[in-house]
Amino acid sequence: MRTARSGANLPGEDKGKMEDCIFCKIISGSIPTKMVYEDEQAVVFDDIHPQAPIHLLVVPRKHIPRLMDAAPGDEALLGHLLEVANRVARERGVAEEGYRVVINVNRGAGQVVFHLHLHVMGGRKFA
Ligand code: 5GP
Ligand code: ZN
């Protein structure tokens, strides 16, 4: 089990510091955020800077900094996040027309928040 301390020792700048993690603060309620969906393992909320008419973030309650930090034992959680992505896409009415699920890993790919999250985007055409 990864702790705040061991997380802080991960290679890279701020990749593992739960205490500074904006998504951990959203999950704990210290940054008030309207939840679209919640369960024991995950939360979903609207992206603050939407790139599409529907732009949701599916976030595990567990602080995993990056997809590449997922460990053996996280398989069920990762599968659950995809299932939640499907569910909220259906609930927001974009499932049939099409939606995009994206995970950015590291800064070169555009990751700016180092708490694993899935972007679920829909409601427009994608190139
Ligand atoms: P990344 O670029 O790390 O894959 O995605 C981070 C996403 O989180 C960005 O799309 C950004 O707009 C969103 N975001 C950053 N801070 C907040 C916040 O405080 N609240 C919400 N709802 N979204 C945020
Ligand atoms: Zn976090």
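Residues numbered from 1 in each chain as written. Chains lettered and ligands numbered in written order. Predicted model: local features only at pLDDT ≥ 70, side-chain atom pairs only at ≥ 80, totals over all residues.

Engineer: In this structure, what is going on with unusual backbone geometry? I would like to understand it.
Structural biologist: Excluding glycine, most residues fall at negative phi; most peptide bonds, likewise, are trans. One non-glycine residue, Asn106, lies in positive phi territory at about 75°. When you line up the elements, Asn106 lands in the loop between β4 (99–102) and β5 (118–122). (Helix = DSSP H or I, 4+ residues; strand = E, 2+ residues; numbered from the N terminus.)

Engineer: For this particular structure, what's the right way to read the site of ligand 1?
Structural biologist: Of all residues adjacent to ligand 1, which total 13 residues, the nearest are Ile48, His49, Asn104, Val112 and Val113. In terms of residue class, the shell around ligand 1 is made up of six nonpolar, five polar and two charged. (Near = placed C-beta within 6 Å. Nonpolar A, V, L, I, M, F, W, Y, C, P; charged D, E, K, R; others polar.)

Engineer: Is there a simple way to think about helix α3 (residues 75–91) in this case?
Structural biologist: Residues spaced three or four apart along an α-helix point in a common direction, a consequence of the helix completing one turn every 3.6 residues. In this model, α3 (17 residues) spans 25 Å end to end at C-alpha, consistent with the 24 Å of a helix rising 1.5 Å per residue. If you check which residues of α3 are buried, you get Leu81, Val84, Ala85, Val88 and Ala89. Down the axis, α3 shows its buried residues gathered within 135° of arc, on one side only. Exposed residues pointing more than 90 degrees away from the buried face of α3 are listed as Glu75, Ala76, Gly79, Glu83 and Arg90. (Expected span 1.5 Å × (residues − 1). Buried ≥ 20, exposed ≤ 12 C-beta atoms within 10 Å, placed from the backbone. Arc of directions from axis to C-beta.)

Engineer: Even after reading the chapter, I still don't get the pairing of strand β2 (residues 42–46), so can you show me in this structure?
Structural biologist: A regular strand places its side chains on the two faces of the sheet in alternate fashion. Counting buried residues in β2 gives four out of five residues, a clear majority hidden from the surface. Of the pairings in the sheet, the one linking strand β1 (residues 35–38) to β2 comprises three bridges and is antiparallel in character. Paired with Tyr37 across the two strands is Val44, which belongs to β2. Hairpin geometry of β1 and β2 is characterised by an intervening segment of three residues between the two adjacent antiparallel strands. Sheet topology places β2 next to strand β3 (residues 54–60); five bridges connect them, and they run antiparallel. Looking at the pairing, Ala42 lines up with Pro60 of β3. (Pairing = 2+ DSSP bridges.)

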